[in-house]
Each structure stands twice: as C-alpha cells, then as structure tokens.
Amino acid sequence: MDENLRSVDLAAQELFQKASEDNIETLWDRKAALKTQCGFGEQGVCCRICNMGPCRVSPVPGKGVQRGICGATADVIASRHFARMVAGGASAHSDHGRNIAHILHMAGENGNYKVRDEKKLLEVAGRWGISTEGKSIDSLAHEVAEAALNEFGKPFGSMTLPPSVPEQRKKVWEENKIVPRAIDREVVSIMHATTMGCTADADSMINLAMRTSMTDGWGGSYIGTEFSDILFGTPVPREIEANLGVIQKNMVNIVLHGHEPSLSEMVVLASEDPEIKTLATKAGAEGINLVGICCTGNEVTMRHGVKIAGNFHQQELAVLTGAIEAVIVDVQCIFPALANLTRCFHTKFITTSPLAKITGATHIEFNEEHAYESAKSIIREAVENFKNRKQDRVQIPQYKSQGTVGYSNRAIIGQLDRVVNSYTDKPGTFKPLADCLVSGVLRGAVGVVGCNNPKVKSDYGHLEIIKRMIANDVIVVVTGCAAQAAAKAGLLSKDAATKYCGEGLRKVCELADIPPVLHMGSCVDISRILELVGEVAKILHLDMSELPVIGAAPEWMSEKAVAIGTYVVSSGLDAFLGVVPPVTGSLEVTDILTNRIENWVGGKFYFETDPVVAAEKMLARIEEKRAKVEEIALQRMNITKYDDLSPGF
Ligand code: SF4
Ligand code: MSK
C-alpha cells in the first residue's frame, strides 16, 4: 500500500518509507501478508467454543449451512462472540482498576507510593460511605482500597454505583435487569453463559453483555481513574508536545507504553534520580527523555507533561527512528512484533508484567513492594544502552505539535469557574456547561475515543470527526489513542478554537480558556466522561439519554472498545463505530445493536465506516436530541425560560 494511504500523519509516512527502504517489516506488511481476511470471522459466524467445531455458518439466511453441529445459529454464534469481546475488554480495564486499588492499599507515608491527592481520597471515601472521622490519611486509604477490592468479588447485592448516575438511569437499568453485580462475577457469568450448551438467544446474550460492560465503565475503569488520581494526583491542564519529533537525538530516549501508571509513575521519578542522571551524562547523553505511547503515555503526559511520541500505530515507528534506547511496557496494546523489530536496532524491549511476558523481550519484573528501586534498575538498562546507538541509523521525523492536556473533571470545573456569572448558583459545578448546552451556544458534546486499526487510514477517522464536530459548535472530549491523534494534529491547542471552530464553541473556548478538544486521559478515563455526562444530566434533571451527547470510536480495534461501546450505549448514549464489529453475519444481532437496543436503554450503535457520513449522522442525531432538551429541562425545573435561572455564557 502507498505509504500516504496508511496514515494521515506525515511523521508516520516518513518512517513507512524508511521501513520499506530498509526492508523492515511493520504492521502494514503483516496486514498485506494476510491477504483477504476471513469473511466468516469478520462477520462473527465462526464458532470455536467447543471442540466439535470450528463451525462456520452462513451469514445469509436460508443459504448454505445455517447451524453449527450443536444447532447454534448465526444469531447465537455472533451474539456469544460479541459478549465474549465485552467480557475480555471489561476484564482488562477492571483488572487494571484492581491493581491500582492494590497499590493504594500498600500506600503509606514511608512507602514508595503515597497519597498525593487527599481531597480526592476524602471525596471517594464519601461516595463509598466510609467515615473519615479521626482516621489518618493512610488508614483511610487502606480502608477505601479494601472497600473497592471487595467490589470485585462481592457475593451479594449489586455493584456500588458512583453518585454521578442519575436516578432515571438507575431505573432504566433496573427495568432492563442490567444493574451489575460484582465485577468479577459478571465476567465469569459471561464466560459461563457463552460456554457450549448455555445461552442460545441473542436478546438474552446481548442483555448479559450489557450488564457486564457496566462493571467496566462504572466499576473497574471508574476505580482505576479515581484511585490513580488519589495516588498520583488529579490531572491539571499542562502544555505538552506530541509526535515523533519529540524524540531527542542527543538524549537517552525511553518509550513508556501500555496502560497501568504504577510503573511509569516510578520511572518518571527514577529518571530524576541523581545517580541515573550521572549515569546518562557518563554515557555521553545530554539527559533522559521519556516519551509516551498509548495509554501509559496519556497517564504520564497528564500528570507530568511527558511528551507524547504517538498512538497505537506509532509503537513500531518510534523504534524505526533508531534513537530509542528502550521500550518499557506494562500491559495491553503491546505488539509482540516489537521483539523482532527492536533486534534490528540497539533498542531494548523490556516487559515488566507477569501478565504480558513476550518471547524475545527482556523481562525485568516490576516489583511494586520496592517500586522505586525496581524502576531504577529498569531505567538503568536503558541508560547503559545509549552507547550502543548507531547515530548513522538515526532518523527522527521533525514533526511535532503543541497542545494542552490534563482535563480531569476537577480541572474542567476550574476552567468553568472563570466564567461563572454573579448570580448563577455557585461555582464548582458543571452548570455553565449545562447552560451552554441548553441555550444552544454549544449544540452538543461528543467523546472521541479508541485505537488505530489498519483496516482504516490511521488518524483520518479521528481527525475528520473531531474537526466536523467543532466546526459545528459541538465540544469534543478525547481519550486513548484518539486523544493522541488530536494532539499530533494540533487540535489540543487553544489556537485550534480560532482555526477550526464554529462561533459558539469559539466563544466558550475564549471565555473558559480551553481548547475545543479536551484531553481527558487514557481509556479507563472514559469514566471521567461518564461522570461529566451524569452530572450535567443531573443538573438539568434529565436522563443521560436525553442529552445531545454521543460517543465515537472511529478506528477501534480492541475488545476493550467493544466493552466501552456497550457501556456507553447502556448509559443511554449513541456509540458510533468506524470499524464494523464482527456481528454482521447475524441480522438479528445487528438489528438489536443498531436498532432495538434503543428501546431498552435510549442509545444505540451506529456502524459507519465513512467518517464524513458518520459526522453528518452524528450532527443530525445531536439536533434530534436537542429539540427535546430545552423543553424537557424547562418543564422539569418548573420555569418558563432557562434564562430565568441563569444567563449562561
Ligand atoms: Fe460448533 Fe456448537 Fe461447538 Fe460452536 S458450540 S463449535 S457451533 S458445536
Ligand atoms: S491504548 S485500547 S489502542 S485506544 Fe488505551 Fe489505544 Fe485502543 Fe490501546
């Protein structure tokens, strides 16, 4: 494939060219080698659940083989596969949340991990119903961590829901029987229900998948975000740079890649250690340059301003610059291909988690009990490797953009407080944002999230959708690799407001001093978006499904995105997928997800591969929801004009 068709990113295009000149394989070559991908798999109608199979059934009703050996139809097979994807994604996010809870449990004044945000700890303790009186910060942290850890295997009752869930939404979940029980229990239930000889009804299967997805967004991911904020600090806006141009020719370059911040936080600290700095100077380097990829990159950029080297599709490209001393990874979204690729250069590929050992990598297990020393020994490997770099093989594309990251909800409220009107009720809420939505200054809000996928041109879908939203006065929030695509394209800069936005959004950005695209963090931080939407809905006395708010994953690839899409829809919002999920071999499952599910929970999936068409549909859907929003809000607040309550912006 022509390099320019693979990615809209000029840095990526330059390195694709280098890879092909040097005969080095990348994901695009492996994609091409697969030739046509399996149509049965792509449509979700190949079942491998028991060893009578695999059974491939026809995606066309009435034509070809209609049932697997046990009699399972395309509807059964596709719905089971979808549910297992949800369970896989929910497990990854929730296990991440659990690990952070364990770290909080070991935090202490004299330990490596400390409580950095006491205010957040007190807030979270309140929401778990834990009394704070007379307790030291450390013992409170342990109690909160224990309460969260008990949520995972809770034997009775249902999951403790955050206070940001509106009452109307809870009722919808109760009516649909999708109030989640314990986090682990729902995942195990899916594995049970999808095993041979259990659920063989698409409606029931999707219903179970919905309940499981809720343990992710409102459970494991929510815990992951809140506890990371307690431990490592709630993000505040900070200026950063993004794209491969952040790699420095004369420095030790270390890529931090993966998801969980427990290791990367310690690496950031260790990189400042005088012993490590001296080692770098002795090795002939001007210093240590940490750069991030994927969600670990998002975590450390939000809290420390670590520069972003790129998103999912740039993990191999960073190595291709020839200037990376080590790629240090924790869990999730890591290409096993990095083992072979790094061998073509001097780069060390260091795995650190027992959950993500990779053949051919150097495994140095991260020991959380001795986190700082452990991080130091990992980073030492990188520094000592500087001398092995072949400077004549170095090619760093000179592309990078500036932007602002770190919009936690507390930070957003902080910005909104700058424009609170004298007689609006009180500062410290999302009310100005709610005002803007009701008045129509902002037409709506869209969360653009998710990965890159070689089935579509890298970053194109993210950027097209984001630009079309902000041009039409729809504010955008971003997480994950979509956030990094936006950062690379300069859309996280405050200047983007003048360059790309409609009049209403531009005014809001000027007054609140924000970019039109707000970086809210990593994939687990979509919980921040849920909290924001829930709180705005509560201010307006609406259900989340009644707000002109939409989620989009234009280039998703991971099971985690399927879990996210499902909890977004279950929370009442539409989810636009730019890559079609493997369910289209079943008309029934496709109909449930893109149509009937709306009657259950108020939101639905759209499968739309053309981002221009997707953007048009999103804007139309926002306007459709808008028509109701003001009327409903006025009615429920028992006033005749929303302006009576507040003039808004
Ligand atoms: Fe085939 Fe049924 Fe076994 Fe699936 S569960 S592999 S459809 S026999
Ligand atoms: S890292 S899940 S490629 S967004 Fe969260 Fe990026 Fe997708 Fe991984």
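The rules behind each value
Residues numbered from 1 in each chain as written. Chains lettered and ligands numbered in written order. Predicted model: local features only at pLDDT ≥ 70, side-chain atom pairs only at ≥ 80, totals over all residues. Heavy atoms only, no water. Helix = DSSP H or I, 4+ residues; strand = E, 2+ residues; numbered from the N terminus. Rg over C-alpha atoms; globule rule 2.2 N^0.38 Å. Buried < 20%, exposed > 50% of the residue type's maximum accessible area, 1.4 Å probe, protein only. Contact = heavy atoms within 4.5 Å. Lys, Arg positive; Asp, Glu negative; His and termini not counted. Charge placed at Lys NZ, Arg CZ, Asp CG, Glu CD. Polar contact = N/O pair within 3.5 Å; in protein donor to acceptor, adjacent residues only side chain to side chain. Salt bridge = Lys/Arg side-chain N within 4 Å of Asp/Glu carboxyl O. Near = heavy atom within 4 Å. Nonpolar A, V, L, I, M, F, W, Y, C, P; charged D, E, K, R; others polar. Domains from an automatic or database assignment. Core = buried A, V, L, I, M, F, W, Y, C linked by side-chain atoms within 4.5 Å.

What to know about the overall build of the protein
Right, so step 1: Each helix and strand in the protein was counted, giving 26 helices and 16 strands.
Right, so step 2: Taken over C-alpha atoms, the radius of gyration comes to 24 Å for the protein, in line with the 26 Å a tight globule of 649 residues would show.
Right, so step 3: For the C-alpha atoms alone, the extent of the protein along its principal axes is close to 70 × 70 × 50 Å.
Right, so step 4: Looking at the protein residue by residue over its 649 residues, the buried ones come to 62%.
Right, so step 5: Within the protein, residue pairs in contact and separated by at least 24 positions form 75% of the contacts whose partners lie at least 6 positions apart.
Right, so step 6: For the protein, the centre of its 68 positive side-chain charges and the centre of its 79 negative side-chain charges are spaced 3 Å apart.

Brief notes about the side chain of Gln 484
Right, so step 1: Checked against the element boundaries, Gln 484 lands in helix α20 (residues 480-488).
Right, so step 2: Classification of Gln 484 as buried rests on a relative accessible area of 0%.
Right, so step 3: A polar contact of 2.8 Å, which involves the side chain of Gln 484, links it to the backbone oxygen of Cys 294.
Right, so step 4: Those residues in contact with Gln 484, other than ones at most four positions away along the chain, are Ile 293, Cys 294, Gly 297, Asn 298, Ile 308, Gly 310 and Asn 311.

As for the pattern of salt bridges
Right, so step 1: What the rule picks out here adds up to 44 salt bridges.
Right, so step 2: Residue Asp 229 pairs with Arg 303 through a salt bridge whose shortest N-O separation is 2.7 Å. Residue Asp 229 is found in helix α10 (residues 202-232), and its partner Arg 303 is found in helix α13 (residues 294-304); the two are separated by 74 residues along the sequence.
Right, so step 3: Residue Asp 229 is classed as buried on the basis of its relative accessible area of 0%.
Right, so step 4: Residue classification places Arg 303 among the buried positions, given a relative accessible area of 6%.
Right, so step 5: One network of salt bridges, in which partners are shared, links Lys 120, Asp 229, Glu 299, Arg 303, Asp 525 and Arg 528.

Brief notes about the site of ligand 2
Right, so step 1: Looking at ligand 2, the residues that line it are His 259, Cys 294, Cys 295, Phe 312, Cys 333, Gly 450, Cys 451, Cys 481, Cys 523, Met 557, Ser 558 and Lys 560.
Right, so step 2: Split by residue class, the shell around ligand 2 holds 8 nonpolar, 3 polar and 1 charged.
Right, so step 3: Residues from two domains meet in the shell around ligand 2; each of domain 2 (244-393) and domain 3 (401-645) gives at least three.

Comments concerning the nonpolar core
Within soluble globular proteins, side chains that are nonpolar generally end up buried alongside one another.
Right, so step 1: Formed by 167 residues in total, the largest nonpolar core has its most connected members in Val 144, Trp 218 and Phe 227.
Right, so step 2: Per-element accounting of this core gives the leading share, 14 residues, to α10.
Right, so step 3: What Phe 227 contacts, discounting residues up to four positions off in sequence, is Ile 100, Ala 101, Leu 104, Val 124, Trp 128, Val 144, Ala 145 and Ala 148.
Right, so step 4: Of all hydrophobic cores here, the second largest spans 39 residues; its members include Leu 317, Ala 323, Ala 339 and Val 394.

Some thoughts on the site of ligand 1
Right, so step 1: Lining the immediate surroundings of ligand 1 are Cys 47, Ile 49, Cys 50, Met 52, Gly 53, Cys 55, Gly 68, Ile 69, Cys 70, Ala 72, Arg 80 and Met 196.
Right, so step 2: Of the residues belonging to the shell around ligand 1, the class tally is 9 nonpolar, 2 polar and 1 charged.

By themselves, these are just geometric observations and shouldn't be taken as functional.
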